[in-house]
Amino acid sequence: MANWSDIGLWAHSGAAALTLLVAAWLLQRWARLRGARPSLGDVALLLALLSTSLWAFAVAVLGPGQAVSGLAESLRNLAWLAFLFQMVRSARAQPRTVTAIYLVLSVILLVQPIVDSWLGMLTAREGLGELSFDTAMLLRMIFVVGALVLAHNLYSVADAETRTSLRIPLTALAAMWLYDLNLYTMGYLAGTPSVDMLALRGVLMILIVPFFALAANRPGGWKLTLSRKIAYRSLSLFAILGYLVTMIAVAQMLRAFGGTLASGAQMLLVLGMSLAALVLLPSDRFRAWFKVKATKHFFQHRYDYRAEWIRFTETIGRPGDGTAPFHERVIKAAADISDSPAGLLLAPGDNGRMQLQARFNWPTADVPAQACTSATNGYFQATARIVELDALRSGQDRETDRRAIPEWVLEESNAWAIVPLVHFDRLAGLVVLARPLVERRLDWEDLDLLRLVGRQLASYLAEARSQEALREADQFDEFNRRMAFVMHDIKNLVSQLSLVARNAERHADNPEFRADMIVTLQNSVGKMNTLIRRLTGYARSAGEGIRAIDAERIVRAVVATKQHAHPVVLGSVQRLVLMADPAQLDQVLGHLIQNAIDASAPDTPVYVSMARDGLYGVIEIVDHGAGMSTEFVRAKLFKPFISSKTDGFGIGAYEARLLVEAMNGRIEVESREGEGSRFSIHLPLATRIESDDPVTTAQTIEKVS
């Protein structure tokens, strides 16, 4: 049988001598480098080597079970912990929570000899030997596990240049502490430390001292860049470690009291902590709170700007099947910065007024058609200010012009912040962010990053609008090319009719010629009608000029024309004198009534009515046809070359709105799929005519019409 005490004596003596030799060599190398001061990392390594030599010497002389040996072991671990801390301290930013973790482990090392001595006295007096030993083993296991996690994470976050050199000392430390973890775990389970494992620890130290020598041969210090992802994982590991240690420690304390009541309390403790873990860990709110607290206390800067920019680029620049529409990705790119779960995008419409462009995870927000006030565009365009709505509601924000903030935004309790998207001093849109899961205030880092992201998003929106305008221009160009073919056909028909007209002068008396001429004319008329039907919807009238007109006369004339092909009912009619162009109004009514007819079943009538609405006259065209979706009305109805009809060109509604806006009016649309549509033409009244006097009104209309 091997004499484990002799093996332990010689092994620890050899480890002490070898470690002291490496420390002496390191001092001699510093002496040769005249004028060069050693780095703090080298000083920390020297102190760790000396403390390791002291511990090995104490174990060899006094034995591993003596209090002095335990104190020397704590000093050794504290020195190597300081060496790791010095490497973290050499990073560009010094995280406060990393310092706190090292401080907790240092306190454990400092308290450990005191607890050992106190528990030893307690054991001698009251016979609590088992509790004393278990507590000592638990303290050592807590430190070793924490030190192993720190060593692993420091290697993971090191940059490529220093990782190779760090591999050597960190591997040696990991081997030393991993052996200690096995030693303490086996001792905790067996109730006494293993004699052979205590002796072989000296052999292990002899094997790993050369690794420390190789680490000492590296000139200079270590520069580390701390990774946030690794930091979050580190905190998670420490949280799990703390959870397990707490359960074990409290369970052991309850077991020390003994009895049936203690056993039941131990079961309740395990059950309660397990339920708490099951409730908290899957919670999105808990994870968001954990991330905010970790970011706040673990890093000097809230954001990892490289990671945020990569995420922003991935979000906004990933087209293809299965991805969200572009405008929703714009909202998400801004919302991800502040961990907002939802958002709205307000963008200028064709009339320049801000309107809802897209939603992201916010279907309940009630956004009016006119989403902003008259002061909104000018204010945000001039200031590009990010508005924190809670501060504005409470009166703490006195710099923001409250008139520029729509009331519906302030009334929406979930609205948290407004981010303007400004591109070359022009407001491209506003992103309204929803309240994050964890309540917090916007700080200077939030504002800086959101302002930068807002400008980038504004450039993307401007580019998207430019591409859309270019696409429409290309469509018009294609349409013009098609019209060239139509004009070519018209020219051929005109040539054919001209030939008939010339021959008619010479052969008018010939019956065969007359019969052939009739057939030719009928064919030509048929072709001309076909071309006219293709062109009438797209040829824009030059107009007769805006003046006071009797709108009822034009409405009745258009309805009479359309009634030959489909039932069109003229409902309630209020005589209106409008400021409009009669030819253009006729064309608008023709477009919209024809669209209503096309959308309706053959026996379903279209209803037309006229009424007064303040300073405007309103002409309504209502059908009970197929209807349109809200998305189609908002984004496609008034776009050229987009139609809900299979054979439509998508020009009629686009042309109608242009004509109405040219007459200082507007078109409003209400539609539901499967129920029908309502088009309302709003045109200004001729206010100079007194409509209360029907005789004067009729005479004036006759004059101006």
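(A) Geometry of the overall build of the chain. When helices and strands are counted, the chain shows 22 helices and twelve strands. The proportion of buried residues among the 705 residues of the chain is 43%. The contacts of the chain with a sequence gap of at least 6 include a subset with a gap of at least 24, amounting to 72%. Summed over its atoms, the accessible surface of the chain is roughly 37700 Å², and 60% of this surface lies on carbon and sulfur atoms.

(B) How the structure looks around a nonpolar patch on the surface. Judged by side-chain polarity, Trp4, Ile7, Val195, Leu200, Val203 and Leu207 come together as a nonpolar surface patch covering roughly 480 Å² of accessible area. Contributing elements (two or more residues each) for the nonpolar patch: helix 1 (4–32) and helix 7 (195–216). Examining the composition of the nonpolar patch, we find that four residues originate from one element, helix 7, more than from any other. Counting through the fold element by element, valine 203 comes out in helix 7.

(C) Structural detail: the packing of helix 19 (residues 582–599) against helix 21 (residues 652–662). The interhelical angle for the contact between helix 19 and helix 21, taken along N-to-C directions, is 150°, at an axis separation of 9 Å. In this view, helix 19 runs roughly antiparallel relative to helix 21, as classed from their interaxial angle. The two elements helix 19 and helix 21 cross, and the hand of that crossing is left-handed. Contacts between helix 19 and helix 21 involve Gln584, Gln587, Val588, His591, Leu592 and Asn595 on the former and, on the latter, Gly652, Ala653, Glu655, Ala656, Leu659 and Val660. Considered class by class, the residues forming the contact of helix 19 with helix 21 number six nonpolar, five polar and one charged.

(D) Looking closely at the pairing of strand 11 (residues 666–672). Relative to strand 12 (residues 676–684), strand 11 runs antiparallel, the two sharing seven bridges. Across the sheet, glutamate 670 pairs through a bridge with arginine 678, a residue of strand 12. Between strand 11 and strand 12, which pair antiparallel one after the other, the connecting turn spans three residues, and glycine 674 there sits at a positive phi close to 85°.

(E) Examining the pairing of strand 4 (residues 415–423) more closely. Along strand 4, eight of the nine residues are buried, which leaves the element largely enclosed by surrounding structure. Bridge count for strand 3 (residues 387–388) against strand 4 is two bridges, and the pairing is antiparallel. Directly across from glutamate 388, in strand 4, lies its bridge partner alanine 417. Here strand 4 runs beside strand 5 (residues 426–434); their pairing, made up of eight bridges, is antiparallel. Following the sheet pairing, proline 420 is matched in strand 5 by leucine 430.

(F) The arrangement of the pattern of salt bridges in detail. Taken as a whole, this structure holds 17 salt bridges when the rule is applied. Aspartate 390 is the partner of arginine 393 in a salt bridge, and the nearest nitrogen-oxygen pair spans 2.9 Å. Placement of the pair is arginine 393 and aspartate 390 together in helix 14 (residues 389–394), with a separation of three residues, close to one helical turn. The exposure class of arginine 393 is partly exposed, given its relative accessible area of 28%. The partly exposed category is assigned to aspartate 390, whose relative accessible area is 26%. The salt bridge involving arginine 403 is made with aspartate 401; its shortest N-O contact spans 3.2 Å. Assessed through its relative accessible area of 64%, arginine 403 is described here as exposed. One network of salt bridges, in which partners are shared, links Glu73, Arg76, Asp180 and Arg201.

(G) Expanded view of the nonpolar core. Trp80, Phe83, Leu84, Phe143, Leu173 and Trp177 are the most contacted members of the largest nonpolar core, which has 60 residues in total. The set of elements that each furnish at least two residues to this core consists of helix 1, helix 2 (40–62), helix 3 (67–89), helix 4 (96–126), helix 5 (129–157), helix 6 (160–190) and helix 7. Per-element tally for this core: the top contributor is helix 5, with 13 residues. Listed in part, the 37 residues of the second largest apolar core include Ala551, Ile554, Val555 and Leu637.

(H) Structural detail: the side chain of serine 53. Counting through the fold element by element, serine 53 comes out in helix 2. Excluding anything up to four places from it in sequence, serine 53 contacts Ala16, Thr19 and Leu20.

(I) The confidence of the model for the chain, seen in detail. A residue-level look at the chain finds 72% of positions with pLDDT of 70 or above and a mean pLDDT of 76. Here helix 22 (residues 694–704) is the element of the chain with the lowest mean pLDDT, 45, and strand 10 (residues 616–623) is the one with the highest, 94. Every residue in residues 297–301 is under pLDDT 50, and counting partners more than four places away or in other chains gives 24 contacts. Per-residue pLDDT stays below 50 along residues 537–542; that stretch engages in 15 contacts with residues further than four places along the chain or on separate chains.

(J) Summary view of the packing of aromatic side chains. Following the criterion strictly, the structure yields four aromatic pairs and no others. Both rings, one in tryptophan 80 and one in phenylalanine 83, keep their centres 5.8 Å apart while their planes meet at 90°; by these two values the pair is edge-to-face. Residue tryptophan 80 and its partner phenylalanine 83 are located together in helix 3, separated by three residues, close to a single helical turn. Like phenylalanine 83, tryptophan 80 is buried. Between arginine 76 and the ring centre of tryptophan 55, over which it is positioned, the NZ or CZ distance is 4.5 Å. Here the basic side chain of arginine 666 rests over the ring of tyrosine 616, its NZ or CZ set 5.3 Å away from the ring centre.

(K) Main features of the environment of isoleucine 418. You can see isoleucine 418 is positioned in strand 4. A relative accessible area of 2% places isoleucine 418 in the buried class. As a C-alpha pair, isoleucine 418 and alanine 434 span 16 residues in sequence and 9.3 Å in three-dimensional space.

(L) Layout of the environment of isoleucine 331. By the secondary structure assignment, isoleucine 331 is in helix 12 (residues 326–335). The class for isoleucine 331 is buried, based on a relative accessible area of 0%. Isoleucine 331 sits twelve residues away from glycine 343 along the chain, and the two C-alpha atoms are 6.0 Å apart. The residues touching isoleucine 331, leaving out its near neighbours within four places in the chain, are Gly343, Leu344, Leu345, Ala358, Arg359, Phe360 and Val431.

(M) Representation of unusual backbone geometry. Positive phi values are uncommon outside glycine, yet asparagine 361 reaches one of about 55°. Relative to the assigned elements, asparagine 361 resides in the loop between strand 2 (354–360) and helix 13 (376–383). Located in the positive-phi region is phenylalanine 424, a residue other than glycine, with phi close to 50°. On the secondary structure map, phenylalanine 424 appears in the loop between strand 4 and strand 5.

(N) Seen up close, the sheet that holds strand 5. Strand order in this open sheet of five strands is 2-1-5-4-3, and the pairing throughout is antiparallel. Of all the strands in the sheet, the pair left with one neighbour each is strand 2 and strand 3. Here strand 1 (residues 343–348) pairs with strand 5 via four bridges, running antiparallel. Within strand 5, the residue paired with leucine 346 across the bridge is leucine 430. Against the sheet, helix 12 contacts strand 1, strand 2, strand 4 and strand 5, and its axis sits at roughly 75° relative to strand 2. With respect to the sheet, helix 13 is in contact with strand 2, strand 3, strand 4 and strand 5, its orientation differing from that of strand 5 by roughly 95°.

Each value, and the rule that gives it
Residues numbered from 1 in each chain as written. Predicted model: local features only at pLDDT ≥ 70, side-chain atom pairs only at ≥ 80, totals over all residues. Heavy atoms only, no water. Helix = DSSP H or I, 4+ residues; strand = E, 2+ residues; numbered from the N terminus. Buried < 20%, exposed > 50% of the residue type's maximum accessible area, 1.4 Å probe, protein only. Contact = heavy atoms within 4.5 Å. Areas by Shrake-Rupley, 256 points an atom, 1.4 Å probe, with all protein chains shown as cover. Patch = residues over 30% accessible without salt bridge, like charges linked within 9 Å, V, L, I, M, F, W, Y side chains within 5 Å. Salt bridge = Lys/Arg side-chain N within 4 Å of Asp/Glu carboxyl O. Axes fitted to C-alpha atoms, helices over the stretch in contact; angles between N-to-C directions. Parallel < 35°, antiparallel > 145°, perpendicular 65-115°, else oblique. Left-handed = near helix turned anticlockwise from the far one by under 90°. Nonpolar A, V, L, I, M, F, W, Y, C, P; charged D, E, K, R; others polar. Pairing = 2+ DSSP bridges. Core = buried A, V, L, I, M, F, W, Y, C linked by side-chain atoms within 4.5 Å. pLDDT = per-residue confidence, 0-100. Phe/Tyr/Trp six-rings, centres within 6.5 Å; stacked < 30°, edge-to-face > 60°. Lys NZ or Arg CZ within 6 Å of the ring centre and 35° of its normal.

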